[in-house]
Amino acid sequence: MIKLKHIFLFFTSIILTVFTSSLRAQKTSIENTASDSITAPTDYYGLRLGVDVSKPIRSFLDDNYKGLELVADFRLKKNYYVAAEIGNETWNSDLPNLENTTSGSYIKAGFNYNTYENWFGMNNLIYAGVRAGFSSFSQELESYTIYTTNPVFGDDTRSVSQEFKGLNATWLELKIGLEVELFSNIYLGVNAQLKRTITTTDPDGYSNLYIPGFGELTEGTPIGVGYGYTLSYLIPIFKK
């Protein structure tokens, strides 16, 4: 977990540095262009497709996790984008008294609002968004340990290998993020997510420990958090 936090901070600092450099480049370009020759900047409208690179990185570093998420958005108006994410995750619990595997797929859909007013000729985003999420998954309880204070018998570990299928969950998600155009139509982004479960299907006599797309569940609270890094390509369809 410490390594993942360090990676999050490292990539965030890189993206912020690139964004700052982009702003400086815009300012220099404007200052070096005669005012009577400046034309209106081009706004591109199209489909942006990409991948959340944080999940393959986490899959490589964390033996208990495998995941992949594809992202997309489409610009409807000047500052409004419809957006969606689709993915698959497998998570193994690392609890001392429980072995459990969660596996499933999810989809999130909603919109983003770009709050950033781009300078001449640039198409960066600082956005806020809302998502509705749905996940279908299964839980497999492999073993659990019954704790006891009896020094004679000790703790009792039982292997059960019991699978619970047909589970699902829904949630709402608030999202803030930054998208920087590295090269023509190629974007690097970072985002943070605040989530709240709406409905969950729990297995009989057992609780969900993880929801694909939502993340780990904390006992006693429906709130979750997340983050992501995206690398995407804009397919221009028309421009204004």
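Quick caveat, the model's predicted, so the values are computed rather than measured.

Moving on to the environment of Lys66. As for its placement among the helices and strands, Lys66 is situated in strand S2 (residues 65-75). Residue class for Lys66 comes out partly exposed when judged on its relative accessible area of 48%. Apart from the residues within four sequence positions on either side, Lys66 is in contact with Ser59, Asn88, Glu89 and Thr90.

Take the pattern of salt bridges next. Close approach of charged atoms allows side chains of opposite charge to pair. Summed over the entire model, instances satisfying the criterion amount to 7 salt bridges. Each of Glu85, Arg131 and Lys175 takes part in salt bridges that share partners, so that together they form one network.

What follows is about helix H2 (residues 54-61). For H2, every residue scored as buried is listed here: Ser54, Lys55, Arg58 and Ser59. In a view along the axis of H2, the buried residues occupy a sector of 135°, so they form one face of it.

Time to look at unusual backbone geometry. Its identity as a non-glycine residue notwithstanding, Asn185 has a phi of 70°, on the positive side. A relative accessible area of 12% places Asn185 in the buried class.

A separate point is the pairing of strand S1 (residues 44-52). Looking along a regular strand, one sees side chains alternate from face to face of the sheet. Of the pairings in the sheet, the one linking S1 to strand S10 (residues 223-239) comprises 9 bridges and is antiparallel in character. Bridging from a neighbouring strand, Asp52 pairs with Thr230 of S10. Note that S1 and S2 share 5 bridges and pair antiparallel. Bridging from a neighbouring strand, Gly50 pairs with Val71 of S2.

Another point: a nonpolar patch on the surface. Residues Leu76, Tyr80, Val82, Phe111, Tyr113, Val130, Leu174, Leu194, Ile223 and Val225 make up a contiguous nonpolar surface patch of roughly 880 Å² in combined accessible area. Going through the elements one at a time, strand S3 (80-92), strand S4 (98-114) and S10 are the ones with two or more residues in the nonpolar patch. Along the chain, Tyr80 falls in strand S3.

Inspection of the secondary structure assignment puts Thr102 in strand S4. Filtering out sequence-adjacent residues up to four positions away, Thr102 remains in contact with Glu89, Thr90, Trp91, Phe137, Ser138, Gln139, Tyr210 and Pro212. Of the polar contacts made by the side chain of Thr102, one reaches the side chain of Asn100; its length is 3.3 Å.

The next subject is the packing of aromatic side chains. Summed over all chains, the structure comprises 5 aromatic pairs. The interplanar angle of 15° and the centroid separation of 5.1 Å between the aromatic rings of Tyr45 and Phe238 together place this pair among those described as stacked. Highlighted residues: Tyr45 in strand S1 and Phe238 in strand S10, separated in sequence by 193 residues. Each ring, one from Trp171 and one from Phe214, has its centre 5.8 Å from the other, and the planes form 75°; the classification is edge-to-face. Pair noted here: Trp171 is in strand S6 (residues 156-183) and Phe214 is in the loop between strand S8 (210-211) and strand S9 (215-216), with a separation of 43 residues, a long-range link. Considered together, Trp171 and Phe214 belong to a single accessibility category, that of buried residues. A cation over an aromatic ring shows up here: Arg48 above the ring of Tyr187, its NZ or CZ 4.5 Å from the ring centre. A cation sits over an aromatic face here: Arg75 above Tyr45, 4.5 Å from the ring centre.

Rules behind the numbers
- Residues numbered from 1 in each chain as written.
- Predicted model: local features only at pLDDT ≥ 70, side-chain atom pairs only at ≥ 80, totals over all residues.
- Heavy atoms only, no water.
- Helix = DSSP H or I, 4+ residues; strand = E, 2+ residues; numbered from the N terminus.
- Buried < 20%, exposed > 50% of the residue type's maximum accessible area, 1.4 Å probe, protein only.
- Contact = heavy atoms within 4.5 Å.
- Salt bridge = Lys/Arg side-chain N within 4 Å of Asp/Glu carboxyl O.
- Arc of directions from axis to C-beta.
- Pairing = 2+ DSSP bridges.
- Patch = residues over 30% accessible without salt bridge, like charges linked within 9 Å, V, L, I, M, F, W, Y side chains within 5 Å.
- Areas by Shrake-Rupley, 256 points an atom, 1.4 Å probe, with all protein chains shown as cover.
- Polar contact = N/O pair within 3.5 Å; in protein donor to acceptor, adjacent residues only side chain to side chain.
- Phe/Tyr/Trp six-rings, centres within 6.5 Å; stacked < 30°, edge-to-face > 60°.
- Lys NZ or Arg CZ within 6 Å of the ring centre and 35° of its normal.

That is the geometry; function is a separate question.
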